[in-house]
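Each chain, letter by letter, is given below.
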Amino acid sequence: MEVTLRILRYNPETDQKPHYENYQIEAEPNDQVLDLLNRVKWHTDGTLSYRKSCAHGVCGSDAVRINGVNRLACKILVKDVGSKITVEPILGLPIKKDLIVDMEPFFEHYRSVMPYLVNDEPAPAEERYQTIEQRARFDDTTKCILCAACTTSCPSFWAKGQYVGPAAMVQAHRFSFDSRDRAGAERLKILNDRMG
């Protein structure tokens with residue numbers, strides 16, 4: 001099938017502002033949108049810039065807006081979005097080039113909630129053990145791949161410089177509910193200060 005891929009392009013060295021370019025590509029229904037971006041870069045326009053790494057939905061590198069929704073380009077298939085596909089960078093972060101955004105504001109918010117285990121107690125002889133029940137309390141929050149798709153789809157993140165966003169809140173939850181951690185109250189204060 002033939003697909004029209006409409007990509008938001010921006011090269012800060014040559015462009016005054018972002019603009020769209022269209023590419024006609026042959027695609028299979030089970031192709032990933034990432035496959036289409038690769039075809040454009042490898043066979044049509046080598047200047048196209050985007051991030052990718054594992055191509056399996058684990059690294060989070062290829063988060064973009066596909067037909068107006070934040071998604072991972074490696075997880076979305078052509079058959080799920082149709083033959084007219086618009087690809088843009090995620091919103092709320094400065095565009096560095098084409099589909100690549102500056103992730104530093106996102107990671108600054110992430111780091112602000114202390115996304116690490118804090119425990120000043122003397123180290124045990126072996127490990128700090130947890131029960132299965134204690135681990136289950138925060139298990140879902142360990143699955144965040146820090147792609148920024150949730151945070152950059154949130155209008156509060158775009159509008160408020162202090163709002164840390166969902167990904168940072170998930171990380172604060174993950175460590176605050178870890179039975180080995182001792183900084184839950186400090187994280188809660190950080191969140192209250194940044195959100196209030």
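Residues numbered from 1 in each chain as written. Predicted model: local features only at pLDDT ≥ 70, side-chain atom pairs only at ≥ 80, totals over all residues. Heavy atoms only, no water.

Caption draft 1: Here's a closer look at the pattern of salt bridges. Applying the stated criterion across every chain, the model contains 15 salt bridges. The salt bridge partner of E88 is R65, with a shortest N-O separation of 3.7 Å. Taken as a pair, E88 in strand β5 (residues 84-88) and R65 in strand β3 (residues 63-66) lie far apart in primary sequence, 23 residues in all. Accessibility expressed as a relative area gives 15% for E88, which makes it buried. Taken together, the salt bridges that share partners define one network made up of R9, E21, D45 and D98. (Salt bridge = Lys/Arg side-chain N within 4 Å of Asp/Glu carboxyl O. Helix = DSSP H or I, 4+ residues; strand = E, 2+ residues; numbered from the N terminus. Buried < 20%, exposed > 50% of the residue type's maximum accessible area, 1.4 Å probe, protein only.)

Caption draft 2: Structural context of the layout of surface pockets. What the largest pocket holds in volume is close to 180 Å³. Around the largest pocket, the lining comprises 18 residues; the ones closest to its centre are R51, G60, S61, D62 and M103. Looking at side-chain class alone, the lining of the largest pocket contains 14 nonpolar, two polar and two charged residues. (1 Å grid on protein atoms, 1.4 Å probe; cavity = no way out; pocket = protein on both sides within 12 Å on 5 of 7 lines; lining within 4 Å. Points joined across faces, edges and corners; volume = space filled by probe spheres on them. Nonpolar A, V, L, I, M, F, W, Y, C, P; charged D, E, K, R; others polar.)

Caption draft 3: Examining the sheet that holds strand β2 (residues 19-26) more closely. Read from one edge of the open sheet, five strands run β2-β1-β5-β3-β4, paired in mixed fashion. Of all strands in the sheet, those with a lone pairing partner are β2 and β4 (69-72), marking the two edges. Across the sheet, the mean angle from the axis of one strand to that of its neighbour is 35 degrees, orientation sign disregarded. Sheet topology note: the β3/β4 ladder contains four bridges and is antiparallel. Note that in β4 the partner of R65 across the bridge is N70. Lying on the sheet, helix α1 (residues 33-44) is in contact with β1 (2-9), β2, β3 and β5; it crosses β2 at an angle near 95 degrees. (Pairing = 2+ DSSP bridges. Axes fitted to C-alpha atoms, helices over the stretch in contact; angles between N-to-C directions. Contact = heavy atoms within 4.5 Å.)

Caption draft 4: Focus on the side chain of N70. Its place among the elements puts N70 in strand β4. Here the side chain of N70 touches A149 through a polar contact of 2.8 Å, landing on its backbone oxygen. At a separation of 2.9 Å, a polar atom in the side chain of N70 contacts the side chain of T152. Apart from residues no more than four positions distant in its own chain, N70 is found in contact with V64, R65, I90, A148, A149, T152 and S153. (Polar contact = N/O pair within 3.5 Å; in protein donor to acceptor, adjacent residues only side chain to side chain.)

Caption draft 5: Looking closely at the pairing of β5. Counting buried positions over the five residues of β5 gives four, a clear majority of the element. As defined by bridge partners, β1 adjoins β5 across four bridges and the pair is classed as parallel. Bridging across to β5, R6 finds its partner in T86. Here β3 pairs with β5 via two bridges, running antiparallel. Counted as the bridge partner of I66 is V87 from β5.

Caption draft 6: Quick peek at the packing of aromatic side chains. Applying the stated criterion across every chain, the model contains two aromatic pairs. Between F106 and F107, the aromatic rings sit 5.0 Å apart at their centres with planes inclined by 75 degrees, giving edge-to-face as the arrangement. We classify F106 as buried; its relative accessible area is 2%. The interplanar angle of 85 degrees and the centroid separation of 6.1 Å between the aromatic rings of F107 and Y110 together place this pair among those described as edge-to-face. One end of the pair is F107 and the other is Y110, both in helix α3 (residues 104-112) and three residues apart, which spans about a single turn. Ring pairs connect the aromatic residues F106, F107 and Y110, which therefore count as one cluster. The ring of Y20 has R6 lying over it, and the distance from NZ or CZ to the ring centre is 3.6 Å. (Phe/Tyr/Trp six-rings, centres within 6.5 Å; stacked < 30°, edge-to-face > 60°. Lys NZ or Arg CZ within 6 Å of the ring centre and 35° of its normal.)

Caption draft 7: Quick look at the packing of helix α6 (residues 166-176) against helix α7 (residues 184-195). Contact geometry for α6 and α7: axes closest at 9 Å, N-to-C directions at 160 degrees. With respect to each other, α6 and α7 are oriented roughly antiparallel. Crossing of α6 over α7 shows left-handed handedness. Facing α6, whose interface residues are M169, A172, F175 and S176, α7 presents G184, R187, L191 and M195. Tallied by class, the residues present in the contact of α6 with α7 amount to five nonpolar, two polar and one charged. (Parallel < 35°, antiparallel > 145°, perpendicular 65-115°, else oblique. Left-handed = near helix turned anticlockwise from the far one by under 90°.)

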